[in-house]
Amino acid sequence: MKKLVIAVAVALFSTTAVAADKLTIINSGSKTGGFSMQSTAYSTDLADTYDVNLVNPGDRCVALGSLLPKISGPVLMPWASDYEAVGRDGGCVKFDITKAITLRYDSAPLFVCTRGGDIAKNSGRVAHTVPVDGPLARVVAEMNKQFSTAHKPVVYDGSGDARLALINGEVDYALLSKKHVLVVTAADKSITCEQSLASAGPNSLPAQTGNPKLAFGWDMTWMALNMTPAQADRLKMRMMEKHLDCSTAIGTWTKCNTVYNTQWNLSTDEISSRWEPMVESQR
Amino acid sequence: MDIYYFVPHLVGVGLGLISGLIPGVGNFVLMLLVWPFLSVFGIVELLIMYASMAAISQYIGSIPAIVYGIPGESSSYPAVAESRNLTSISQVSQAISGSAFGSVVGSLTVVGLCYAFVEYTDLIKHFYNTKILVGLLLLVTLVMIVTVNNRWWVNSMLILSGIGLGMIGYNSYLNINFATFGNTYLYAGLPMPVVLICLFAIPQMLHHWDTEITKSLNKTYELGRLYILNPVALLGSTLIGFFGGLIPGLTTVFSSTAAYNASMLFTKDPVKRIVVSETANNAGAFSMLLPLLIFGVPLIGSEAILLFLMEQKGFNLVHFKFSDFLPELALGLVVVNAVGFMMAWPLSKMVPSFYRFNIKIIISLLIIALFFVTLYTGYMNYSMAYYLICFVVLAPIGVLLRNVDTLPLVFAFIIHNKLVDGLFRLNQLL
């Protein structure tokens with residue numbers, strides 16, 4: 001009996017001693033979008049270090065409005081500039097990213113994919129993602145002003161639908177992020193995505209024209225909440241380690257870190273100087 | 001076929017059984033639940049597992065739909081609606097065996113056609129045309145107004161109500177809030193499982209409330225001769241099912257509903273109507289995979305998870321072609337269809353007969369079970385209290401609608417987004 005008690009005590013002690021830190025990953029995006037897939041990937045990859053609880057309500061209003069306030073422990077959460085723009089314009093939720101510790105900052109400029117036409121010369125239908133009255137509709141209007149074209153914006157509920165519309169010829173151009181560019185050019189060899197809406201670079205339309213209103217992309221952050229700086233640093237190290245390994249779940253999803261321009265060590269000022277203009281441009 | 005494909009088949013069949021039998025627990029929820037275990041599969045194994053799950057859920061979903069009037073699987077709603085018109089043991093038996101056989105024909109015909117025309121499968125890209133999609137949605141909605149077993153104006157009201165209920169929430173396409181009243185839960189809209197349970201499953205079951213147990217022979221069946229629908233009807237429903245399966249977000253639900261509506265124009269026989277809809281949804285269960293494998297576009301949530309899992313194993317459109325997968329997939333589906341046929345017909349008798357009990361007790365137990373399904377899905381979505389409130393509000397409406405065929409309402413609720421967004425986009429394109 002005495003041995004049993006000692007064994008139980010030792011087992012309890014050892015379990016406590018090696019118990020992993022708890023980490024809640026809360027997805028603020030839809031259930032089928034990039035944030036959901038990356039949240040799930042992190043929940044798999046970080047399980048060797050953390051006791052991960054993945055919370056995936058599939059809706060940012062529920063995630064931030066109802067669930068986040070109830071979680072007191074360490075949280076990893078993504079947030080996007082277009083979500084913030086909608087929130088500031090009266091949407092259900094917004095989030096002040098300066099109140100959290102930003103671990104990862106992504107920029108995803110859009111590319112102009114075409115079936116052969118030149119968007120600066122040949123007018124056509126331009127596919128972009130929601131909403132109908134959003135910033136991408138304004139970018140198309142700016143193109144018409146800049147190039148004296150008569151492009152018609154056509155709105156699709158997601159990049160997948162916009163991709164298909166370009167493949168089947170319903171539209172002449174589509175504004176897509178790198179992740180989708182890789183897929184659409186692989187699916188149809190006649191489609192090219194040379195020009196980008198990045199603010200700088202060799203094929204940047206804004207740089208070529210000198211018109212900053214043609215720049216567009218999504219900025220995204222992965223933030224640590226309810227963590228000390230030391231805890232956040234440790235988590236960031238683990239995340240970076242997983243990103244560097246292309247065989248991990250997150251390495252696979254990001255196609256070996258090629259789909260986004262990812263920054264890990266931006267200062268608070270640098271983050272604000274990128275985030276705020278991007279959010280305001282999307283309102 | 002590689003012997004190692006036995007395991008993904010088995011997993012797919014098991015998941016399909018659960019998905020087909022339990023209302024509200026679909027393939028998406030199951031994929032999320034078993035996610036960690038699926039990472040052991042390779043690309044082909046994942047595909048076979050998914051195709052097996054999708055096919056078996058369609059086979060099994062027809063059994064509770066026909067026998068008990070419970071939509072185990074969301075594409076079985078037409079079978080649920082029509083099951084009330086089955087008036088003899090013979091008809092119920094014919095509906096079960098005919099659906100099983102039709103499902104085999106529908107599924108294998110699509111697989112065979114893909115095999116025969118594998119070089120031309122990328123032509124389905126022309127189907128992804130806003131005009132065609134909106135036209136199809138409007139056509140099915142209009143046909144429903146004149147064919148569903150209510151007066152036309154009742155059907156119209158139900159469709160408008162379904163669209164109205166569906167509109168509640170934040171519409172990301174139009175960037176507007178509708179009837180959210182600042183409530184964060186309402187921004188996400190009314191939960192589909194609760195709406196389907198309260199406004200479709202409950203009224204359908206309560207319709208049988210006053211049925212005397214001695215008169216309820218219509219819900220027992222025997223394993224007699226195999227009922228085989230005429231080849232033209234089978235082929236027609238397969239074609240409708242094939243194209244319905246390609247519609248984003250709706251897939252097999254659209255397949256079965258469109259085929260069911262088309263059958264209403266030609267026959268009043270409930271057996272034929274059920275067989276046609278069940279044939280179509282199995283055809284759609286395979287065709288819905290084509291956009292994923294040819295263009296990398298998932299049409300529903302569970303396919304998005306499948307794509308991600310496959311990408312983790314190295315799947316990309318640069319190195320993989322649909323034709324690479326087809327042989328294993330086709331052979332796998334032959335096996336799965338054999339299993340599905342056995343489960344949906346000969347083995348279906350193993351489902352314990354509820355008819356030894358009072359029909360009121362059975363219905364009460366089922367409604368209690370659905371209540372717990374509601375709580376479970378609410379829990380899975382971190383919104384149990386919200387789901388509970390929606391159930392409490394909507395269930396009494398379902399009770400009031402017990403003598404109305406609410407299929408137009410739930411169909412409109414499901415398609416409202418595609419229809420509203422599609423009409424707006426059509427306006428942009430014209």
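This report concerns the structure included in the present document.

**Brief notes about the overall build of chain B**
What chain B contains, in helices and strands, is 18 helices and two strands. The burial tally for chain B puts 60% of its 430 residues in the buried class. Across chain B, the fraction of contacts at a sequence separation of at least 24, relative to all contacts at a separation of at least 6, is 79%. If you sum the accessible surface of chain B, you get close to 16600 Å²; carbon and sulfur atoms cover 70% of it.

**So, a nonpolar patch on the surface**
Residue and element names in this part refer to chain B. A cluster of nonpolar side chains, namely Leu113, Phe117, Tyr120 and Leu123, defines an oily patch on the protein surface of about 420 Å² accessible area. The residue Tyr120 is located in the loop between α5 (89–116) and α6 (130–147) in this model. On the basis of relative accessible area, Tyr120 is assigned to the exposed category, the value being 52%.

**Re the packing of aromatic side chains**
Under the definition given, this model contains 13 aromatic pairs over all chains. For the ring pair Tyr173(B) and Phe424(B), a centre distance of 6.0 Å and an interplane angle of 80 degrees mean the geometry is edge-to-face. Placement of Tyr173(B) in the loop between β1 (169–171) and β2 (176–178) and of Phe424(B) in helix α18 (residues 407–429) is noted, with a sequence separation of 251 residues between them. Taken together, the ring pairs connect Phe35(A), Tyr42(A), Trp79(A), Tyr83(A) and Trp222(A) into an aromatic cluster.

**Here we look at the side chain of Gln91(B)**
All names here are of chain B. If you trace the backbone, Gln91 turns up in helix α5. A polar contact is formed between the side chain of Gln91 and the backbone nitrogen of Thr87, at a distance of 2.8 Å. For Gln91, the contacting residues outside a window of four places in its chain are Asn85, Leu86, Asp269, Pro270 and Val271.

**As for the interface of chain A and chain B**
Contact residues are listed per partner, giving 48 residues for chain A and 40 residues for chain B. For the pair chain A and chain B, the summed buried surface comes to about 3800 Å²; carbon and sulfur atoms form 59% of the total. For chain A, the biggest contributors to the area lost against chain B are Leu164(A), Asn168(A) and Glu170(A); these three give 14% of the whole. Summed over the shared surface of chain A and chain B, the number is zero salt bridges. The tally of links from chain A across to chain B stands at 13 residue pairs in polar contact (both at pLDDT 80 or more). Counting only elements with at least two residues in the side of chain A that touches chain B, the list comes to α2 (34–45), β2 (50–55), α3 (60–67), β7 (152–156), α6 (159–167), α7 (178–187) and α10 (249–253) of chain A. Here the element with the most residues in the side of chain A that touches chain B is α3(A); it accounts for six residues. Residue composition of the side of chain A that touches chain B, by class: 24 nonpolar, eleven polar and 13 charged.

**Thoughts on the state of the cysteines**
All names here are of chain A. According to the stated counting rule, one finds three disulfides over all chains in the structure shown. Paired by a disulfide, Cys61 and Cys92 hold their sulfur atoms 1.9 Å apart. With the S-S bond torsion at -75 degrees, the cross-link from Cys61 to Cys92 turns out left-handed. Of the two residues, Cys61 sits in helix α3 while Cys92 sits in the loop between α4 (81–88) and β4 (101–109), which places them 31 residues apart along the sequence. Given a relative accessible area of 3%, Cys61 falls into the buried group. In this structure Cys92 comes out as partly exposed when scored by relative accessible area, which is 22%. Sulfur-sulfur distance for the disulfide between Cys113 and Cys193 comes to 2.0 Å. When the S-S torsion is 110 degrees, as for the bridge of Cys113 with Cys193, the disulfide is right-handed.

**What to know about the pairing of strand β8 (residues 173–176) of chain A**
Regular strands place side chains that alternate from one sheet face to the opposite one. All names here are of chain A. Side chains Tyr173 and Leu175 of β8 all project onto a buried face; the interleaved residues Ala174 and Leu176 project onto the opposite face, where all are buried too. Bridging between strand β5 (residues 111–114) and β8 involves four bridges; their strand directions are antiparallel. Opposite Thr114, over in β8, you have Tyr173 as the bridge partner.

**Considerations on the environment of Gly169(A)**
All names here are of chain A. Along the chain, Gly169 turns up in the loop between α6 and β8. Judged by relative accessible area, Gly169 falls into the partly exposed class, the value being 41%. Along the backbone, Gly169 and Arg115 are 54 residues apart, and their C-alpha atoms lie at a distance of 8.0 Å.

Thresholds applied
- Residues numbered from 1 in each chain as written.
- Chains lettered and ligands numbered in written order.
- Predicted model: local features only at pLDDT ≥ 70, side-chain atom pairs only at ≥ 80, totals over all residues.
- Heavy atoms only, no water.
- Helix = DSSP H or I, 4+ residues; strand = E, 2+ residues; numbered from the N terminus.
- Buried < 20%, exposed > 50% of the residue type's maximum accessible area, 1.4 Å probe, protein only.
- Contact = heavy atoms within 4.5 Å.
- Areas by Shrake-Rupley, 256 points an atom, 1.4 Å probe, with all protein chains shown as cover.
- Patch = residues over 30% accessible without salt bridge, like charges linked within 9 Å, V, L, I, M, F, W, Y side chains within 5 Å.
- Salt bridge = Lys/Arg side-chain N within 4 Å of Asp/Glu carboxyl O.
- Phe/Tyr/Trp six-rings, centres within 6.5 Å; stacked < 30°, edge-to-face > 60°.
- Polar contact = N/O pair within 3.5 Å; in protein donor to acceptor, adjacent residues only side chain to side chain.
- Buried area = accessible area lost by both parts, 1.4 Å probe.
- Nonpolar A, V, L, I, M, F, W, Y, C, P; charged D, E, K, R; others polar.
- Disulfide = S-S within 2.5 Å.
- Pairing = 2+ DSSP bridges.

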